Amino acid sequence: MAAYLCPPAVIHGEYAVETSQIVAEVRDRHPHAAWAPRIDGIAASTGIETRGWMLPLETAVAPGNGGGLQAVGIGPAQEALARDGFSQQDVDRVIAALEAIPAPQTVQERTAPAWEAVQSYGERAARGALQIAGLDAADVDCLITSHSTTPALPGLDIALANRLSLRDDVMLLPATQWACIAGTRSLALAADLVAADPERVVLVVIAEALSTTYQAADDTLESLIVRLLFADTGVAAVVTGRPRRESVLRLDAAWHHTLPGTHDLHRLETRADGTHFVMDRRGPRAVQETVTAMWEWLRVRYQDDPDSWHPDVLLAHPGGTRVLEYMEQTMPDAWPSGLLDHSRDSYTSGNRGGAAVFDILRRAYDAGQKSGSRAVLYAAAPGLTATVLEGEWL
């Protein structure tokens, strides 16, 4: 398989949103929610004190530009009131009162600025990754992109092809629905592409504005947790078929795993007020099944040398701390401790979705990972599906 990965560029959301700000906003908006008395404990249990967003919290919770009559319109409302016997003076008063009621943002109002931010962050990350790799935009042969929370057609691939002035013969591969698995699956695809043509240069760009799933009116416990978890990030990295001076990780093998009948556990839903991320409490247990299957894949892969091989670093995006704990609990006793330190460090500033593995990889690189270290990259996503990569630090 042998593909070579240069250090990723990571662009964190520039607006720092404190957990205390989210708690205050939610408590004020939903004082009578069933979970309201426990909100401080719920927030503390995430282990996240701050996260970076592409847009400020005030943008997410602001009312829409229309008034309370936005859905039906002033004309039909006036006609309905007149038919019910209201005088023109009363009609005018009622219409004025209804118009003064703040309306929630429309999907367009919520998504448009986030989509612009996703393009901007993607471009910044792409330029950073090319600079790190010592390459120019003209050197790119293939562009793989992912952005799940800001649906658009054309998507991020076309946007970046224009913003970066890529060659007109560059292969564009958009993967807008990979979500949390975008980091590992994009690298697996890039590895296949350079295996077919070792001279090929693949640029991977993932930009996620997960803050668009912050739905202020939703008073469910699941929505509260979503509001506390997510961060916005743009990441990019270059993959080549031959080692470069800048290469830091050789990718040797990939493994994919999908659990049947789990497609409804985690999902995005588009509603009148925008995108909602819906979580099922059965999700972590299902993700754990993919971890167990991963251990078996590694065991079989190294069955001829089971005692001397183990990963020196595990770059894992399982979506939450419960699965990180499960990973540690199910590791062979002979494996060293601290394999998930970079994963935990990344998670303390938010769940980055598809961008997470690149952020974790960058943290390992910045920490000075030793040459020859064995690395495993893991991610699971709604589906439930997982992709794992195994390789060696250069």
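The rules behind the values
Residue positions are given per chain, counting from 1 as you read along its sequence in written order. Owing to the predicted nature of the model, reporting of local features is limited to residues with pLDDT of at least 70; listing and counting of side-chain atom pairs is limited to 80 or more, with chain, interface and lining totals taken over all residues. Side-chain metrics in this entry use all non-hydrogen atoms of the structure; hydrogen atoms and water are not considered. Using only the protein atoms, space was sampled on a 1 Å grid; points where a 1.4 Å probe fits but cannot get out form cavities, open sets with protein on both sides within 12 Å along at least five of seven lines form pockets, and lining residues are those with an atom within 4 Å of a point. Grid points are joined across faces, edges and corners, and a volume is the space filled by probe spheres set on the points. Per the convention used, a helix needs a DSSP run of H or I reaching at least four residues, while a strand needs a run of E reaching at least two, with both numbered from the N terminus. Put simply, Ala, Val, Leu, Ile, Met, Phe, Trp, Tyr, Cys and Pro go in the nonpolar bin, Asp, Glu, Lys and Arg in the charged bin, and everything else, Gly too, in the polar bin. UniProt positions are given in the numbering used here, feature names are shortened, and annotations may be inferred rather than shown by experiment. Counted as salt bridges are all cases of a side-chain nitrogen of Lys or Arg within 4 Å of a carboxyl oxygen of Asp or Glu. Burial classes: relative accessible area under 20% of the type maximum marks a residue as buried, over 50% as exposed, and values in between as partly exposed (1.4 Å probe, protein chains only). Orientation is described by axes fitted as lines to C-alpha atoms, over the contacting stretch for helices, and by angles from 0 to 180 degrees between their N-to-C directions. Crossings are sorted by hand: turned counterclockwise from the far helix by less than a right angle, the near helix makes the crossing left-handed, and turned clockwise it makes it right-handed. Working rule for contacts: check all heavy atoms of both residues, and any pair within 4.5 Å makes them a contact.

Per an unreviewed UniProt entry, the chain is named Type III polyketide synthase, and its organism is Streptomyces phaeoluteigriseus.

This part takes up empty space enclosed by the protein. Under the counting rule described, the total for this entry stands at three cavities of 30 Å³ or more. Looking at the largest cavity, its volume works out to about 80 Å³. Trp53, Leu55, Pro56, Thr59, Ala60, Gln105, Glu109, Arg110, Pro113, Ala114, Ser211 and Thr212 together form the lining of the largest cavity. Among the elements of the structure, helix H3 (57-61) and helix H6 (107-133) are those that each provide at least two residues to the lining of the largest cavity. The dominant element in the lining of the largest cavity, judged by the number of residues it contributes, is H6, at four residues. The residue makeup of the lining of the largest cavity, split by class, is six nonpolar, four polar and two charged. Taken as a whole, the second largest cavity holds about 60 Å³ of empty space. Surrounding the second largest cavity, 14 residues form its lining, Ala316, His317, Ser343, Tyr347 and Ile360 being those nearest its centre.

For the rest of this paragraph, the subject is the UniProt feature "domain: Chalcone/stilbene synthase N-terminal" (unreviewed entry) in the chain. With numbering aligned to this structure, UniProt lists the feature "domain: Chalcone/stilbene synthase N-terminal" (unreviewed entry) at residues 105-241. The span residues 105-241 is 43% helical and 20% strand by assignment, and the distance between its end C-alpha atoms comes to 46 Å.

This part covers the pattern of salt bridges. Between side chains of opposite charge, a pair can form as their charged atoms come close. A full pass over the atoms with the stated rule returns 25 salt bridges. Among the salt bridges present, the one from glutamate 390 reaches arginine 374, with a minimum N-O distance of 1.9 Å. Taken together, the residues span a long stretch of sequence, with glutamate 390 in strand E14 (residues 385-393) and arginine 374 in strand E13 (residues 374-381) at a distance of 16 residues. By the burial criterion, glutamate 390 is buried, and arginine 374 matches it. Through salt bridges with shared partners, one network takes in Arg250, Asp252, Arg301, Arg374, Glu390 and Glu392.

Quick look at the packing of helix H10 (residues 283-301) against helix H11 (residues 321-330) now. Across the interface, H10 lies against H11 with an axial gap of 10 Å and an inter-helix angle of 35°. Handedness of the crossing formed by H10 with H11: right-handed. Contacts between H10 and H11 involve Pro284, Val287, Gln288, Val291, Thr292, Met294 and Trp295 from the first element and Arg322, Val323, Tyr326, Met327 and Thr330 from the second. Taken together, the residues of the contact of H10 with H11 break down into eight nonpolar, three polar and one charged.

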